[in-house]
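Below, each chain spelled out in residue letters.
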Amino acid sequence: MQIIPSEMLPGRDEAALRRFLEGCKEAAVTKGHFQIASISLEVKHIAPLAVLQSIYEPEELHFYIERPADDEAIAGAEAVVQARFDGPGRFQQVQAFADDVLENTIVVGDLSEAFTGPHFFTAFSFEDSVAEGGEFPAATVFLPRWQVSRSKGKYGAVANLKIDAGTNLDEAVARVWGAYQKFGAFDYGNDPANDKPPEQPEPCSRRELAPGVFEGAVKQALESIREGEFEKIVLARGIELEADGPWQPLDALNRLRERFGSCFTFSYGGGSGRSFIGATPERLLQIRDGQLLTEAIAGSAPRGRNAGEDAACARGLLDSEKDLREHACVRDSILRRLEQVGIEGIADASPRILPLANVQHLHTPIHAEVGESVHLLEVLSELHPTPAVGGTPREAAVPRIRELEQMDRGLYAGVVGWFNHLNEGEMVVGIRSALIDGKRAKLYAGAGIVEGSDAEKEARETELKLNALLDTL
Ligand SMILES: C=C(O[C@@H]1C=C(C(=O)O)C=C[C@H]1O)C(=O)O
């Protein structure tokens, strides 16, 4: 990646922008390869979700992630370059694709703040491969044409353009200049959608994706655990809702982020009119400034109706031998997997409570230092799926999941997130999620099964987890 000094910052005037893009075109001709021109600008207050909503096209790719508690949000829309992969090598393929794009990227602008420069957005399904005709590919990566972000009171906009020998520079300049004017002083009042309150369709039917399967699957899994086939497996159930009109995924997202301020609210649009949205508590991996954060979240209890009942539920969870064992499976597996890629994770010996609006969990934050030689996607490929959504030992448990659940998880319990050229990124686990396709929405929730689990109780737990999305839709 080539970085042009920020004094040459285009966007402040159109002539400088043209000179920068001319340079990119010359490079494209010389190298015989397209160049990505990436222009980052600090802008005045901007609300990434509102901007995304104003430029949202169901047929275009988009990505959004926000954790209100961190005061950070990033949105990207329209793919300037993209790729899809399938199979066990998908993480490495995404990395190779990004490396190749970055080799041919020329960056200019305000690069000192978070979320500046080009960012890649990704979505990985739970399984390594998806069946032909699946709703989303096993791996998608794209670099957006537009990216807007908020990070602790700073706001940024990035435009990425693909420039080759045939690019019409007049059009390219007009496009970026127009976008700069738009994002530089974004007018929320201009969006006709803001004139009326969001319309919410009413759900009119609900069906199980695999009727009558869940409790039987738990019992079968318990049998396999007794026989020593595996120690833990996470089994999920799915429901499909149908509404009297199309769901509005970004309106639902707005409600999710209000209700689940400590969760990662995300939306990924695959470009086929379908969106995968959710509010997940679970960070799979964050790397920033060489510091890695991950966490074990496993073991669940309801929230109480008052402070006393709530505390009693929390105490029950912290004292539950079964939940502590289930939790330790996840924590120990993450530590082992990190070790496989030469990373020493540091974690407390006993978990704490993570309260969410609808449930509470056992939680162990894990942190580590990472050297420059380990790529984020390499760590990701080792970690996914953790026994929080898969099982342990992974090789024995994960292949049994599909057979026991009798449904396709798709992106549920997969990974969505972003990464950049600095080996920074944030990847979250796609749970507490819904796949929205017009009037239809598929919702999934799972529960960890270990020796001592009770099928009926686990079914109730999945119901509590489904509520995160049910209440919002
Ligand atoms: C699998 C899900 O959640 C996972 C399972 C948990 C459990 O069994 O206690 C808790 C948090 C998550 O790791 C889900 O929400 O669908």
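Residues numbered from 1 in each chain as written. Predicted model: local features only at pLDDT ≥ 70, side-chain atom pairs only at ≥ 80, totals over all residues. Heavy atoms only, no water.

Novice: Got a sec to walk through the packing of aromatic side chains? Specific residues and values, please.
Specialist: In this structure the tally under the stated criterion is eight aromatic pairs. Taken together, a centroid distance of 5.3 Å and an interplanar angle of 75° make the contact between Phe115 and Trp418 edge-to-face. Here Trp418 lies in strand β19 (residues 415-420) and Phe115 lies in the loop between β5 (105-109) and β6 (119-124), a separation of 303 residues in the sequence. As far as the burial class goes, Phe115 and Trp418 line up, both buried. One aromatic cluster is present, formed by Phe63, Phe121 and Phe142 through successive ring pairs. (Phe/Tyr/Trp six-rings, centres within 6.5 Å; stacked < 30°, edge-to-face > 60°. Helix = DSSP H or I, 4+ residues; strand = E, 2+ residues; numbered from the N terminus. Buried < 20%, exposed > 50% of the residue type's maximum accessible area, 1.4 Å probe, protein only.)

Novice: Provide a residue-level description of the environment of Ala357, including the pertinent values.
Specialist: Here Ala357 is to be found in the loop between β16 (352-355) and β17 (359-369). Taking C-alpha positions, Ala357 is 22 Å from Pro203, a pair spaced 154 residues apart along the chain. Apart from residues lying up to four places away in sequence, Ala357 is in contact with Arg259, Phe260 and Arg303. (Contact = heavy atoms within 4.5 Å.)

Novice: Report on the UniProt feature "domain: Chorismate-utilising enzyme C-terminal" (unreviewed entry) in the protein chain, specifying residues and quantitative values.
Specialist: Here the UniProt-annotated "domain: Chorismate-utilising enzyme C-terminal" (unreviewed entry) positions come out as residues 214-465. Secondary structure content for residues 214-465 is 35% helix and 35% strand, while the C-alpha to C-alpha distance between its ends is 15 Å. (UniProt positions renumbered as here; feature names shortened; annotations may be inferred.)

Novice: So what about the confidence of the model for the protein chain? Which residues, and what values?
Specialist: Of all residues in the protein chain, 96% attain a pLDDT of 70 or more, and the chain-wide mean is 92. Overall fold confidence (pTM) sits at 0.94, and the ipTM for the predicted complex is 0.98. (pLDDT = per-residue confidence, 0-100.)

Novice: I'd like to hear about helix α7 (residues 307-319), residue by residue, with values.
Specialist: Helix length check: α7, at 13 residues, gives a terminal C-alpha distance of 18 Å against a target of 18 Å (1.5 Å per residue), a fit within 8%. Within the sequence span of α7, burial applies to Asp310, Cys313, Ala314 and Leu317. Seen end-on, α7 carries its buried residues on one side only, within an arc spanning 95°. Of the residues in α7, the exposed ones pointing more than 90 degrees away from the buried face are Arg315 and Asp319. Contact partners of the buried residues in α7: β14 (291-302), α8 (321-340), β16 and β17. (Expected span 1.5 Å × (residues − 1). Arc of directions from axis to C-beta.)

Novice: Tell me about the pattern of salt bridges, and please be specific about residues and values.
Specialist: For the coordinates displayed, the defined rule picks out 39 salt bridges. Residue Arg400 is joined to Glu229 by a salt bridge in which the shortest nitrogen-to-oxygen separation is 2.6 Å. In this pair, Arg400 is assigned in helix α10 (residues 394-405) and Glu229 in the loop between α5 (214-226) and β10 (232-243), connecting sequence segments 171 residues apart. Take Arg400: its relative accessible area is 14%, and that puts it in the buried class. With a relative accessible area of 33%, Glu229 lands in the partly exposed category. Three or more residues joined by partner-sharing salt bridges are found here, namely Glu66, Asp71, Arg150 and Arg257. (Salt bridge = Lys/Arg side-chain N within 4 Å of Asp/Glu carboxyl O.)

Novice: Describe in detail the pairing of β6, supporting the description with residues and values.
Specialist: The element β6 is extensively covered by neighbouring structure, given that six of its six residues are classed as buried. Taking every second residue as pointing to the same face, both faces of β6 are buried, with His119, Phe121 and Ala123 on one and Phe120, Thr122 and Phe124 on the other. Where β6 lies against β19, six bridges are found, and the strand directions are antiparallel. Note on β19: the bridge partner recorded for Thr122 is Gly417. (Pairing = 2+ DSSP bridges.)

Novice: Which residues make up the domain arrangement of the protein chain, and what values do they have?
Specialist: As far as domains go, the protein chain holds domain 1 (2-195) and domain 2 (203-470). The distance between the C-alpha centroids of domain 1 and domain 2 comes to 29 Å. The interface is formed by 43 residues belonging to domain 1 together with 54 residues belonging to domain 2. Overall, the association of domain 1 and domain 2 removes approximately 4300 Å² of surface from exposure, summing both partners, and the carbon and sulfur fraction of that is 60%. On the domain 1 side of the interface with domain 2, the three residues burying the most area are Phe126, Glu135 and Phe136, jointly 20% of the side's total. On inspection of domain 1 and its partner domain 2, the count reaches four salt bridges. Here Arg402 ties to Glu127 by a salt bridge, and the two come within 3.0 Å at their closest N and O atoms. Joining domain 1 to domain 2, the criterion identifies 21 residue pairs in polar contact (both at pLDDT 80 or more). Here the residues of the side of domain 1 that touches domain 2 sort into 25 nonpolar, eight polar and ten charged. (Domains from an automatic or database assignment. Buried area = accessible area lost by both parts, 1.4 Å probe. Polar contact = N/O pair within 3.5 Å; in protein donor to acceptor, adjacent residues only side chain to side chain. Nonpolar A, V, L, I, M, F, W, Y, C, P; charged D, E, K, R; others polar.)

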